[in-house]
Amino acid sequence: MKILVPVKRTQDPYVKVRLKPDGSGIDTSNIKYAINTFDEIAVEEALRKKEEFGGEVVVVSVGTQEWTEQIRVALAMGADRGILVDTGGKYIDHVILAKVLAKIIEEEKPDLVIMGKQAIDDDANQVGQILAGLLDWPQATFAYKVEVNLQDRKAKVIREVDGGLETVEVDLPAIITADLRLNQPRYASLPGIMRARQKPLKTIKIEELGVDLTPYVTIEKLETPPPRKAGVKVKDVDELIEKLKEKKALPF
Amino acid sequence: MSILVIAETRNGELKKASLSAVTCAKILAEKTGLNYNILTFEPSEKAKEELSQLGAEKVFVAKGEHLKNYTAENYAIAVSEIAKKVDAKYILATATTFGKDLLPRLVSKIPNSAMISEVIEVIDAETFKKLVYAGDIISTLKIKSEKKILSVRGTAFDKAGKVDKKSDVVEEEIKENYTRKRFITLEETKSERPELTEASIVVSVGRGIKDPENIKIVEELADVLGAAIGASRAVVDAGWLPNDFQVGQTGKTVAPQLYIAIGISGAIQHVAGMKDSKVIVAINKDPEAPIFQIADIGLVADLFQVVPELTQKLKKLKQESAG
Ligand SMILES: Cc1cc2nc3c(=O)[nH]c(=O)nc-3n(C[C@H](O)[C@H](O)[C@H](O)COP(=O)(O)OP(=O)(O)OC[C@H]3O[C@@H](n4cnc5c(N)ncnc54)[C@H](O)[C@@H]3O)c2cc1C
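An account of the accompanying structure is given in this report. (Residues numbered from 1 in each chain as written. Chains lettered and ligands numbered in written order. Predicted model: local features only at pLDDT ≥ 70, side-chain atom pairs only at ≥ 80, totals over all residues. Heavy atoms only, no water.)

Within chain A one finds six helices and 13 strands. With the C-alpha coordinates aligned to their principal axes, the bounding extent of chain A is approximately 65 × 45 × 40 Å. Taking all 252 residues of chain A together, 57% fall into the buried category. The long-range fraction of contacts in chain A, counting pairs at least 24 apart against all pairs at least 6 apart in sequence, stands at 72%. Across chain A, 38 positive and 41 negative side-chain charges occur, with their mean positions spaced 3 Å apart. (Helix = DSSP H or I, 4+ residues; strand = E, 2+ residues; numbered from the N terminus. Buried < 20%, exposed > 50% of the residue type's maximum accessible area, 1.4 Å probe, protein only. Contact = heavy atoms within 4.5 Å. Lys, Arg positive; Asp, Glu negative; His and termini not counted. Charge placed at Lys NZ, Arg CZ, Asp CG, Glu CD.)

Here's what the structure looks like:
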C-alpha cells in the first residue's frame, strides 16, 4: 500500500508566539520549528499501516528549503522518501496548497493520503477537505481510529465529532485527517536518523506544476489580542463565594 | 445574489450553535445589501418552525434518502445545488465539527470560491478576522474569490433571535448520491447535563484530578450549579472523559458566564478554547500555574479539599435562596 503524507513545518507548540515589535509579522527569533503536531500523528499512522500491509510512505512538503529539516525527521521516523515542492518563500493560500498537493497525488497515485486535521499556526482545518473535493475522493476527517481492509480497498474510520464518535466507511483511495488521539508518534531513533540521510528527497519548483499561484486569501494584518485583565487571588472558599456573588456569576 | 447559511440539526433538533452563523449572516447582509437564505437537513417540525422565524428570505430543506445521515460528500452536493439556485455569494456555517468537515469540501464544488475558517469579526464584505497560533495572534484576512465560504466561531457571535416575519419553507429534492463513503454509526455521548457549548456555566477538569474515580467530585459541583462539564486534553487523552468534553484549540470553544477550571494548568491550547468566558475561576495548588494569569478569581489550594467544600457551601446557598 502506498501512503502519501503531507507535512507542514510549524512552530513548536509549547512556545508562545509573539509579533515583531513593529507588528509587521511573527517574531521568529525565538521560535523552534517542528513537524506540525497533527502531521506527525499522520506520519505515525502511515508507518503503522505500512508495517501492517507493506508498501511505501511518501512525505510531501510545500515550503522552502528549510522544510527539508522536517521531511528528514519524517524519514528518520521511517518514511521512505520525501518530496519538497519549493515555493521559494512565496505566499500560498489553502486553495493553492490543495491544488499543488492534488498535482503531486495525480503523479504519485497513492492508495491513501493521511494528513493532519489542522496546522497549529494558521489553525484553518481546510486543506484535507479541499483536497478530497478536488480529487473527488471520500474524506474521513478528525480520525480517532483507522482500520484498513486492503483486500476490499476500504477503510473504516472512527471520527471525533461534537456529539461523540462517528464511524464511517470509505473506499480507497481516500483522504484521512488525523486528530490528536489517533496514536502516539514514535521518536526518530539514532539508526533511523542515520538511514534518513540516505533516503531520496526530491525537490520540485512550485512553478513547474502549472498551478495558478494567485492567492484568493491574503493576510492583511496581524495583531495581539488584548490581554485579559489579571484577577484576584482569594484565600479560601468563603472568599471565593463572596467574589462570585459580587460578580453575579452564580445562578442563585 | 444572496447569502446562504447552513443550519445543523441533530436528531431533528436545530443546533443552537447554528444561530451564531445566522447572526454573522445578518451582519454581512447589512454590509452588502444582500438577503440571506437558510439551508438545513432532516429538521423536525419544531426545527422548521424555529428556522422560519430567523428573518431569512427562504428556508430550504434538502431532501433525499441518502441525506438521512450526514456525510460531507453528499451534503456538499446538496449545498452546492442550493447555492447555485440562490446565487449564493457567501456560504456560512458555524465551525462545529459539522461545519469544519463540510465547508472546505465545497471549495471544489463552487467555481471561483475560497474559504476563511472560524471568523470572529466581519470588517467589510471581503475582510474578516480570525485567531491563529492557538489564539496568541489575531489575523485579518482578505478573501477575493467571487464566492466566499466562511465558517463562524460560535462564541464570537450572539445567537440570532426570533423575528415576526415568517419565511417560506421550501423542500428541495437532491438526486445525486456519492456512494464511496458510507455512514455507519454515531456513538453519542449521553448526558443529562447541558451541552458544553451552550451552557452558561462550565466546570472543567484537568489532570490534577488524578484518577477517573475522582471526577465525581467535579460532577457534584457541576450539578449544584446546573453546569456542563468540560475537560483538558490530558483528561480526555487518559480516557477519563469522552472526546467531546475537550475544551481548547483543537476541541470545543466555549464562552460561558462562568468557567471554573479545576486542576488545569492553563496551557495556551486549553486557554484558546475558554478565554472569552465572562468570569473565569481557577482552582490549582500551584501558585505559578499559568491559568492564574487569565483567571478573574484564583484559589491556590488542593482541589480535593476545596472543591467538596465549595459544593457543600453552594448547595446550602442554593437551598437558602430557594427557600
Ligand atoms: C497541537 C496541540 C493541541 C492541543 N489541544 C488542546 C486542547 O484543545 N485542549 C487542551 O486542554 N489541551 C490541548 N493540548 C494540550 C495542552 O498543551 C496541555 O498539555 C493540556 O491542556 C494539559 O492539561 P492539564 O492542564 O489538565 O494538565 P497539566 O498541565 O498536567 O496540569 C495539571 C494541573 O493540575 C494541578 N494539580 C495537580 N494536583 C492538584 C490538586 N490536588 N489540587 C489542585 N491542583 C492540582 C497542577 O498544579 C497542574 O497545574 C494540545 C496540545 C497540542 C500540542
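After that view, the rundown keeps rolling.
Before going further, it helps to spend a moment on the site of the ligand. Looking at the ligand, there are 32 residues lining it, with Arg207, Ser232, Gln246, Ser265 and Asn284 of chain B nearest. With respect to the ligand, the chains having nearby residues are chains A and B. One nitrogen or oxygen atom from the side chain of Thr250 of chain B is found 2.9 Å from a nitrogen atom belonging to the ligand. A distance of 3.1 Å is found between a nitrogen atom of the ligand and a backbone nitrogen or oxygen belonging to Lys285 of chain B. Coverage of the ligand by the protein amounts to 89% of the 980 Å² it exposes when considered alone. Contributing elements (two or more residues each) for the shell around the ligand: helix H1 (37-53) of chain A together with helix H6 (233-237), helix H7 (268-271) and helix H8 (303-322) of chain B. For the shell around the ligand, the per-class residue count stands at twelve nonpolar, 14 polar and six charged. (Near = heavy atom within 4 Å. Polar contact = N/O pair within 3.5 Å; in protein donor to acceptor, adjacent residues only side chain to side chain. Areas by Shrake-Rupley, 256 points an atom, 1.4 Å probe, with all protein chains shown as cover. Nonpolar A, V, L, I, M, F, W, Y, C, P; charged D, E, K, R; others polar.)

Residues and elements named next belong to chain A. Nonpolar side chains collect at one region of the surface, where Leu190, Ile193 and Met194 lie side by side and expose about 290 Å² of accessible area between them. Note that Met194 resides in helix H5 (residues 190-198). Overall, Met194 belongs to the partly exposed group, its relative accessible area being 46%. (Patch = residues over 30% accessible without salt bridge, like charges linked within 9 Å, V, L, I, M, F, W, Y side chains within 5 Å. Salt bridge = Lys/Arg side-chain N within 4 Å of Asp/Glu carboxyl O.)

At the interface, 78 residues of chain A touch 88 residues of chain B. For the chain A and chain B pair, buried surface summed over both sides reaches about 7,300 Å², with 55% attributable to carbon and sulfur atoms. When residues of chain A are sorted by the area they lose upon contact with chain B, Asp162, Arg228 and Phe252 of chain A head the list and together hold 12% of the total. The residue Lys129 of chain B makes a salt bridge to Glu223 of chain A at a minimum N-O spacing of 3.0 Å. Counting across the chain A and chain B interface gives 52 residue pairs in polar contact (both at pLDDT 80 or more). Those elements that place two or more of their residues in the side of chain A that touches chain B are helix H4 (127-135), strand E7 (139-149), strand E8 (154-161), strand E9 (164-171), strand E12 (217-223), strand E13 (232-234) and helix H6 (237-246) of chain A. When residues in the side of chain A that touches chain B are grouped by element, the largest group, eight residues, is from E9 of chain A. (Buried area = accessible area lost by both parts, 1.4 Å probe.)

The next point concerns the sheet that holds strand E6 (residues 112-116) of chain A. With respect to topology, ten strands assemble into an open sheet ordered E11(A)-E5(A)-E4(A)-E1(A)-E6(A)-E10(A)-E7(A)-E8(A)-E9(A)-E12(B), the strand pairing being mixed. Taken across any chain shown, the strands that pair with only one partner, and hence form the sheet edges, are strand E11 (201-205) of chain A together with strand E12 (181-188) of chain B. Direction aside, neighbouring strands of the sheet carry axes that sit 30 degrees apart on average. Where strand E5 (residues 81-86) of chain A meets E11 of chain A, five bridges bridge the pair, whose relative direction is parallel. In the sheet register, Ile83 of chain A faces E11 of chain A, and the bridge partner there is Lys202 of chain A. Helix H3 (residues 94-108) of chain A contacts strand E1 (2-6), strand E4 (56-63), E5, E6 and E11 of chain A of the sheet and is inclined by roughly 150 degrees relative to E4 of chain A. (Pairing = 2+ DSSP bridges. Axes fitted to C-alpha atoms, helices over the stretch in contact; angles between N-to-C directions.)

With that out of the way, let us pick up empty space enclosed by the protein. Within this structure, the stated rule accounts for three cavities of 30 Å³ or more. Its volume calculated, the largest cavity comes out at about 140 Å³. Taken together, 15 residues line the largest cavity, and the ones lying closest to its centre are Asp123 of chain A together with Glu118, Leu131, Arg153 and Gln249 of chain B. Broken down by element, the residue count for the lining of the largest cavity peaks at three residues, all from strand E8 (residues 127-132) of chain B. Taken domain by domain, the makeup of the lining of the largest cavity includes at least three residues from each of domain 1 (2-173) and domain 2 (201-322) of chain B. A volume near 60 Å³ is recorded for the second largest cavity. Sort the elements by how many residues they give to the lining of the second largest cavity and strand E7 (residues 113-124) of chain B lands first, with three residues. Tallied by class, residues from the lining of the second largest cavity come to three nonpolar, five polar and three charged. (1 Å grid on protein atoms, 1.4 Å probe; cavity = no way out; pocket = protein on both sides within 12 Å on 5 of 7 lines; lining within 4 Å. Points joined across faces, edges and corners; volume = space filled by probe spheres on them. Domains from an automatic or database assignment.)

Turning our eyes to something else, we now look at the packing of aromatic side chains. A full pass over the atoms with the stated rule returns four aromatic pairs over all chains. Measuring from ring centre to ring centre gives 3.7 Å for Phe41 of chain B and Tyr75 of chain B, while their planes differ by 15 degrees; the resulting arrangement is stacked. Here Phe41 of chain B is found in strand E4 (residues 35-41), whereas its partner Tyr75 of chain B is found in helix H3 (residues 72-85), with 34 residues between them in sequence. By relative accessible area, Tyr75 of chain B is classed as buried at 5%. Both rings, one in Tyr75 of chain B and one in Phe98 of chain B, keep their centres 6.3 Å apart while their planes meet at 80 degrees; by these two values the pair is edge-to-face. You can see Tyr75 of chain B sitting in helix H3 and its partner Phe98 of chain B sitting in helix H4 (residues 97-102), a full 23 residues away along the chain. Pairwise contacts between aromatic rings join Phe41, Tyr70, Tyr75 and Phe98 of chain B into one cluster. The cationic tip of Lys117 of chain A hangs over the ring face of Phe142 of chain A; the distance from NZ or CZ to the ring centre is 5.5 Å. (Phe/Tyr/Trp six-rings, centres within 6.5 Å; stacked < 30°, edge-to-face > 60°. Lys NZ or Arg CZ within 6 Å of the ring centre and 35° of its normal.)

Moving on, we come to the pattern of salt bridges. For the structure shown, the criterion picks out 47 salt bridges over all chains. Of the charged contacts in the structure, one is a salt bridge between Lys166 of chain B and Glu49 of chain B, with a shortest N-O distance of 2.9 Å. Of the two residues, Lys166 of chain B is situated in the loop between strand E10 (147-152) and strand E11 (168-173) and Glu49 of chain B in helix H2 (residues 45-51); the sequence distance between them amounts to 117 residues. The network of salt bridges with common partners includes Asp136 of chain A together with Glu73, Arg105, Arg180 and Lys181 of chain B.

Limitation: the analysis is restricted to geometry and does not speak to function.
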